[in-house]
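Chains, contacts and geometry: an overview
Here are the chains, one letter per residue:
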Amino acid sequence: MKCTGFCAALLLCLCIIMSGCVQITINAPGFSGPVTPAASPSSQDVMKDDEPEPSVTAVTEKAPAGASGNPLFIVPYGDVSRVGHRTFTFNYAPQSGQQEYTLRIPVNMSVYYGARQMKIDLPASSMNPAEIRQYIDTFESDPAMEELYSGVLSQLRNARYKNGGYLSDDEYFELIVAFVQQIPYVENPSPKRKYPVEVIYDKAGDSDEKSLLLVNLLAREGYDVSLMVFEDLGYETTGIRVVEEVPDSSLKVFSDGKKDYVFVDAGVPRFIGSTPEVFQTADDPGIYPVGSGTKSYRPINYVWKIVADLNHLKKLGKIDKTTVINPWDKFGTCLWIKNSKLLQNTTCYCCDM
């Protein structure tokens, strides 16, 4: 039987496809245009610390809201076995004395690239609790983020037992805060909030972004924490519950009517509860609990004495912005205030300790 021209053409196409000469393109989720599949690196292909990342096209459109008010979760992009590492060195001084800590944190690159595709903005109004709750849940409940939180906390738990020592719950809380505070602060002019996985891999974040990292780490370690949203300032920060009464306004207490919280600045090193002046006069924040932890911060009155003495020293002109104070070392700071005798013959709380 003779083969027609159509039959011959059909046979030719089949031969070309079967021989592998034709490469098919697919569209990756969230990316416009065709993307040619690249060979996936093996599970042994691990990125070194500070290795430049491969180029990935960013998505510029805002991610749609989750259906029926549900949070929108990351869709990992790329090889899920590809891992990068980031190393952080920071200082913290428990009662036993100042120590330097080093953490090496693994980052799943597919989650990092997936997070970069997202565009999650802080809701315009803290008067809409449902919107704020959805915003918080986007970062708190995303299953793709659990690997990152587990990796960071594994390193922090090891640090808790460094050199055979042991940090109390309050010291461990301070250790976690010191770690996040000492991640470099970089202002983000975009309304898009970085995910915690981006803060870790980029080794940078602003106050809002670092607060999202801090509050989720603390919640997973059983601390009673909240995200406090200052609508008039367009700012969010972490709050830790306190149960002891704070003597005066040297440390400001924020309440949701049931529990009291103090300000924890994730952006830069600052004593627990020490509130920047702009927040002293701001409208009361919306307080949104994160997690179901029960552990409060107990030595708040010890910190109050330090902050009260430092405020007194500033009013007397004894210290200024050039004076080196290490907020991650409350014991050392109180001892310095006492030994300096700068508050001799006047009110000095640390002098009596």
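So, how was this worked out
One numbering rule holds for all chains: residues counted from 1, following each sequence as written. The predicted nature of this model means local features are confined to residues of pLDDT at least 70 and side-chain atom pairs, given and counted, to a pLDDT of 80 or more, with totals for whole chains, interfaces and linings taken over all residues. Side-chain figures throughout are based on the complete set of non-hydrogen atoms in the structure, without hydrogens or water. Put simply, a nonpolar core is a bunch of buried Ala, Val, Leu, Ile, Met, Phe, Trp, Tyr and Cys residues held in one set by side-chain atoms that sit within 4.5 Å of each other. When a residue's accessible area, from a 1.4 Å probe over protein chains only, is under 20% of the maximum for its type it is buried; when over 50% it is exposed; and in between it is partly exposed. The contact criterion used throughout is that any non-hydrogen atoms of two residues lie within 4.5 Å. Only a pair of cysteine sulfur atoms within 2.5 Å counts as a disulfide in this structure description. Only DSSP runs of H or I covering at least 4 residues are called helices, and only runs of E covering at least 2 are called strands; the numbering of each starts at the N terminus. In this description, strands pair whenever DSSP reports at least two bridges between them. In this analysis an axis means a line fitted to C-alpha atoms, helices contributing only their contacting stretch, and an angle means the value between N-to-C directions, from 0 to 180 degrees. This arc is built from the directions going out from the helix axis to the C-beta atoms. When the centres of two rings from Phe, Tyr and Trp lie within 6.5 Å, Trp using its six-membered ring, the rings pair. Their planes under 30 degrees apart give stacked, over 60 give edge-to-face, and anything left gives tilted. Two conditions define a charge sitting above a ring: the NZ of Lys or the CZ of Arg must be within 6 Å of the ring centre, and it must be within 35 degrees of the ring normal. Roughly parallel means an angle under 35 degrees; roughly antiparallel, over 145; roughly perpendicular, 65 to 115; everything else is oblique. Note on residue categories: nonpolar means Ala, Val, Leu, Ile, Met, Phe, Trp, Tyr, Cys or Pro, charged means Asp, Glu, Lys or Arg, and polar means any other residue, Gly included. A helix is expected to reach a length of 1.5 Å times the quantity of its residues less one. As used in this structure description, the phrase polar contact means that two N or O atoms lie within 3.5 Å; if the pair is within protein, one of them must be able to donate a hydrogen and the other to accept it, and residues adjacent in sequence are counted only when both atoms belong to side chains.

Moving on to the nonpolar core. Of all hydrophobic cores here, the largest spans 81 residues; its most connected members are L156, F179, I200 and L217. The contacts of L217, once residues within four sequence positions are left out, are Y149, V152, L153, L156, I176, F179 and V180. The next biggest cluster of nonpolar side chains, apart from the first, holds nine residues, and it includes M228, F263, F279 and I287.

It is worth spelling out the state of the cysteines at this point. Across all of its chains, the model carries two disulfides by this definition. Note that C334 is cross-linked by a disulfide to C350, the S-S spacing being 2.2 Å. Across the disulfide from C334 to C350, rotation about the S-S bond amounts to roughly -115°, and the bridge is consequently left-handed. Taken together, the residues C334 in helix α10 (residues 330–340) and C350 in the segment after α10 connect sequence positions 16 residues apart. Its relative accessible area of 4% is what places C334 among the buried residues. By relative accessible area, which is 1% here, C350 ends up buried.

Located in the positive-phi region is K203, a residue other than glycine, with phi close to 55°. The partly exposed category is assigned to K203, whose relative accessible area is 24%.

Attention shifts here to the sheet that holds strand β7 (residues 286–290). Neighbouring strands of a sheet are bound in pairs by backbone hydrogen bonds; such pairs are parallel or else antiparallel. Here we have five strands laid out as an open sheet, ordered β5-β6-β4-β3-β7, and antiparallel in their pairing. Of all strands in the sheet, those with a lone pairing partner are β5 (253–255) and β7, marking the two edges. Here the strands of the sheet are splayed against their neighbours by 40° on average, with no regard to which way each runs. Running at roughly 30° to strand β4 (residues 235–242), helix α7 (residues 207–220) makes contact with β3 (225–230), β4, β6 (260–264) and β7 of the sheet.

For the rest of this paragraph, the subject is the environment of Y195. By secondary structure assignment, the location of Y195 is in the loop between α5 (169–181) and α6 (196–202). Along the backbone, Y195 and K210 are 15 residues apart, and their C-alpha atoms lie at a distance of 9.0 Å.

Let us look at α10. Within the sequence span of α10, burial applies to K330, T333, C334 and I337. Around the axis of α10, the buried residues are gathered within 95° of arc, so they sit on the same side. At its buried positions, α10 is contacted by α5 and α9 (300–315). Following α10 by one or two positions, K341 adopts a phi angle in the positive range, close to 60°.

Attention now moves to the packing of aromatic side chains. For the coordinates displayed, the defined rule picks out 17 aromatic pairs. An angle of 50° between the planes, with centres 4.7 Å apart, marks the rings of F139 and Y195 as tilted. One end of the pair, F139, is in helix α3 (residues 129–140); the other, Y195, is in the loop between α5 and α6, with 56 residues separating them in the sequence. Relative to Y297, the ring of F173 lies with its centre 5.2 Å away and its plane at 40°, an arrangement referred to as tilted. Here F173 is found in helix α5, whereas its partner Y297 is found in the loop between β7 and α9, with 124 residues between them in sequence. Y297 carries the same exposure label as F173, and that label is buried. Taken together, the ring pairs in this structure connect F230, Y235, F254, F263 and F279 into an aromatic cluster. A cation over a ring is seen here: R86 above Y201, with NZ or CZ 3.9 Å from the ring centre. Between the NZ or CZ atom of K203 and the centre of the ring of F88, over which it lies, the distance is 5.5 Å.

Bringing the packing of helix α4 (residues 146–160) against α7 into the picture now. It is the contact of α4 with α7, at a shortest axis distance of 10 Å, that shows an interaxial angle of 70°. Overall, the two elements α4 and α7 adopt an arrangement that is roughly perpendicular. On the side of α4, the interface is formed by E146, Y149, V152, L153 and L156, while α7 contributes N216, L217 and R220. Residue composition of the contact of α4 with α7, by class: five nonpolar, one polar and two charged.

Taking 1.5 Å as the rise per residue, α7 with 14 residues should run 20 Å; its terminal C-alpha atoms sit 20 Å apart, in good agreement. Counted residue by residue, α7 has 13 buried out of 14 residues, so it is predominantly covered. Its side-chain oxygen at 3.2 Å from the backbone nitrogen of D208, D206 defines the N-terminal cap of α7.

Looking now at the side chain of T237. Within the fold, T237 resides in strand β4. Taking relative accessible area as the criterion, T237 reaches 0% and is therefore assigned buried. There is a polar contact of 2.8 Å between the side chain of T237 and the backbone oxygen of V264. Contacts of T237, omitting those with residues within four sequence positions, involve S211, S226, L227, M228, F230, F263, V264, D265 and A266.

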